Amino acid sequence: SIRYDVVVLDLIATGLLQTGEKLEMRYKPRNGDARTYVGEVQSSGDIEVLGKSFQSPSYAALYGMQDAGSTRHTVNGWTSWRNADGKLGTKLR
């Protein structure tokens, strides 16, 4: 498997993400309604979702999914979040 040692802070440092930038994640649990979550990029490299900060896109995405009623324990956050241009984290990284 491919391993990327890129973190959100690296994307801020290279200008691919800006502090305060909003990321969006759409999620629909199996037996629920589709929801859109907004994550805000923090200067620390964290992503803030629903008032909580997370060091990784994956934990931030998982928090949103669990808020929507999912019982998932893992998710790839790089494939969950999109920037304002609609680019997935995997494309930015």
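Placed above this text is the structure.
Residues numbered from 1 in each chain as written. Predicted model: local features only at pLDDT ≥ 70, side-chain atom pairs only at ≥ 80, totals over all residues. Heavy atoms only, no water.

A. Representation of the overall build of the chain. Each helix and strand counted, the chain has 3 helices and 4 strands in total. In the chain, the order of α-helices and β-strands from amino to carboxyl end is α-β-β-β-β-α-α. Computed over its C-alpha atoms, the radius of gyration of the chain comes to 13 Å, within 12% of the 12 Å expected for a compact globule of 93 residues. Its C-alpha atoms give the chain principal-axis dimensions of about 40 × 30 × 20 Å. Here the chain holds 93 residues, and 38% of them are scored as buried. Counted over contacts in the chain with a minimum sequence separation of 6, partners at least 24 positions apart contribute 39%. Accessible surface, the chain: about 6,000 Å² in total, of which carbon and sulfur atoms supply 46%. (Helix = DSSP H or I, 4+ residues; strand = E, 2+ residues; numbered from the N terminus. Rg over C-alpha atoms; globule rule 2.2 N^0.38 Å. Buried < 20%, exposed > 50% of the residue type's maximum accessible area, 1.4 Å probe, protein only. Contact = heavy atoms within 4.5 Å. Areas by Shrake-Rupley, 256 points an atom, 1.4 Å probe, with all protein chains shown as cover.)

B. Molecular detail of the pattern of salt bridges. What the rule picks out here adds up to 2 salt bridges. Glu40 serves as the salt-bridge partner of Lys22, at 2.7 Å between the closest nitrogen and oxygen. Linking Lys22 in strand β1 (residues 22–27) with Glu40 in strand β2 (residues 35–41), this pair joins segments that are 18 residues apart in sequence. On the accessibility criterion, Lys22 (46% relative accessible area) is partly exposed. Residues Arg35 and Asp67 are paired through a salt bridge, measuring 3.4 Å at the closest nitrogen-oxygen approach. With a gap of 32 residues between them, Arg35 in strand β2 and Asp67 in helix α2 (residues 57–67) connect regions that are remote in the sequence. Given the relative accessible area of 36%, Arg35 is considered partly exposed. (Salt bridge = Lys/Arg side-chain N within 4 Å of Asp/Glu carboxyl O.)

C. Main features of the packing of aromatic side chains. One pass over the full model with this rule turns up 1 aromatic pair. Considering the side-chain rings of Phe54 and Tyr63, the 5.0 Å spacing of their centres and the 45° angle between planes classify their relative orientation as tilted. (Phe/Tyr/Trp six-rings, centres within 6.5 Å; stacked < 30°, edge-to-face > 60°.)

D. Local environment of the nonpolar core. The biggest cluster of nonpolar side chains holds 21 residues, and the ones touching the most others in it are Val8, Leu17, Met25 and Trp81. Elements supplying a minimum of two residues to this core: α1 (8–13), β1, β2, β3 (47–49) and α2. When residues in this core are grouped by element, the largest group, 4 residues, is from α2. Not counting residues within four places of it along the chain, the set of residues in contact with Leu17 comprises Val8, Leu11, Ile12, Leu23, Val41 and Leu92. (Core = buried A, V, L, I, M, F, W, Y, C linked by side-chain atoms within 4.5 Å.)

E. Molecular detail of the pairing of β2. Bridge count between β1 and β2: 6 bridges; the pairing is antiparallel. Paired with Met25 across the two strands is Tyr37, which belongs to β2. The pairing of β2 with β3 spans 3 bridges and is classified as antiparallel. Residue pairing across strands places Val41 opposite Ile47, the latter belonging to β3. Hairpin connection, β2 to β3: the antiparallel pair is bridged by 5 residues, and Gly45 has positive phi, about 95°. (Pairing = 2+ DSSP bridges.)

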